[in-house]
Amino acid sequence: MKLGILSDVHGNIHALRAAWQKLLELQCTQIICLGDLVGYGASPIEVIEFMQDNQIMTTLGASEARMVYHFGHKLEPRSGVADQTLEWTKTQLSEIHLKFLKSLPITGRIESKHGRVRFMHGMPDDPESRVDLNARQSELDDLLEESKCSIFITGCTHIPQVREVGKGWFINPGSVGLTLNGEPGADCAVLDFTDQRLSVQMLKVPYNTNAAAFDILTWELPSVIADVIKRGSSR
């Protein structure tokens, strides 16, 4: 089995199409997405419908959670333009789109020859919480044990990262639509389960960042988003 991983698309249909095509070229037998389909980008409808049309197994992202849930606690306002762009996104989506977002599960699970795979946007109980892949190995091993898996896939940070610990693997594929690792392009990852040892490939797929930036400006969304898309960094 070859598993393709997408995350943090953020309304960027240009990046999503490029990443999707790359994963097909690499002959992925299954493709999953860790959520954050919307927010920031100018094409939330196109992204949602792409996911539906291609039947991509997707978990609930932090942006979707803010739009359709509150998880029993008051959500603190976020700095920057995140909440502003979500408010704009709400004006674009129909009830059918919102119903789809509300149907997304918080976590997903796949059984593999290398053990159970758990995937989600953040943490198992909250898509907004981030997993620190630089934490002590004992902490990450405990998280694997608590999650009853040997491969833990999470997003949210927009920065690709892989770490093998004593009891398994942690993979963060980065962000398809709004990468922050300093290099523009669409982040995604491939896990190859065919060999005796798990193979992890992190990808940076080129796409037309100028077109994505143009869409941002056309819809009069904050220009800083267009800058981040073109630079691959918020700095």
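Residues numbered from 1 in each chain as written. Predicted model: local features only at pLDDT ≥ 70, side-chain atom pairs only at ≥ 80, totals over all residues. Heavy atoms only, no water.

Examining the packing of helix H2 (residues 44-53) against helix H5 (residues 95-102)
Right, on to step 1. Contact geometry of H2 with H5 gives a least axis separation of 11 Å together with a crossing angle of 60°. With respect to their mutual orientation, H2 and H5 come out oblique. Handedness of the H2/H5 crossing: left-handed. Two secondary-structure elements touch here, H2 through Ile-45, Ile-48, Glu-49, Met-51 and Gln-52 and H5 through His-97, Phe-100 and Leu-101.
Right, on to step 2. Among the residues making up the contact of H2 with H5, the classes are represented as five nonpolar, two polar and one charged. (Axes fitted to C-alpha atoms, helices over the stretch in contact; angles between N-to-C directions. Helix = DSSP H or I, 4+ residues; strand = E, 2+ residues; numbered from the N terminus. Parallel < 35°, antiparallel > 145°, perpendicular 65-115°, else oblique. Left-handed = near helix turned anticlockwise from the far one by under 90°. Contact = heavy atoms within 4.5 Å. Nonpolar A, V, L, I, M, F, W, Y, C, P; charged D, E, K, R; others polar.)

Observations concerning the pattern of salt bridges
Right, on to step 1. Applying the stated rule across the entire model yields nine salt bridges.
Right, on to step 2. Across the pair Glu-139 and Arg-136 runs a salt bridge, and its minimum N-O distance is 3.0 Å.
Right, on to step 3. Since its relative accessible area comes to 59%, Arg-136 is described here as exposed.
Right, on to step 4. Here the salt bridges share partners, and the residues they tie into one network are Arg-66, Asp-83 and Glu-128. (Salt bridge = Lys/Arg side-chain N within 4 Å of Asp/Glu carboxyl O. Buried < 20%, exposed > 50% of the residue type's maximum accessible area, 1.4 Å probe, protein only.)

Remarks on the packing of aromatic side chains
Pairs of aromatic rings are described using the distance from one ring centre to the other and the angle between the two planes.
Right, on to step 1. As enumerated under the stated definition, the model contains three aromatic pairs in all.
Right, on to step 2. Taking the centre distance of 5.7 Å and the plane angle of 90° together, the rings of Trp-20 and Phe-50 count as edge-to-face. Highlighted residues: Trp-20 in helix H1 (residues 13-25) and Phe-50 in helix H2, separated in sequence by 30 residues.
Right, on to step 3. On the basis of an interplanar angle of 65° and a centroid distance of 5.4 Å, the ring pair of Trp-88 and Trp-219 is categorised as edge-to-face. Separated by 131 residues along the polypeptide, Trp-88 in helix H4 (residues 82-92) and Trp-219 in the loop between helix H7 (209-218) and helix H8 (223-231) bring together distant segments of the chain. (Phe/Tyr/Trp six-rings, centres within 6.5 Å; stacked < 30°, edge-to-face > 60°.)

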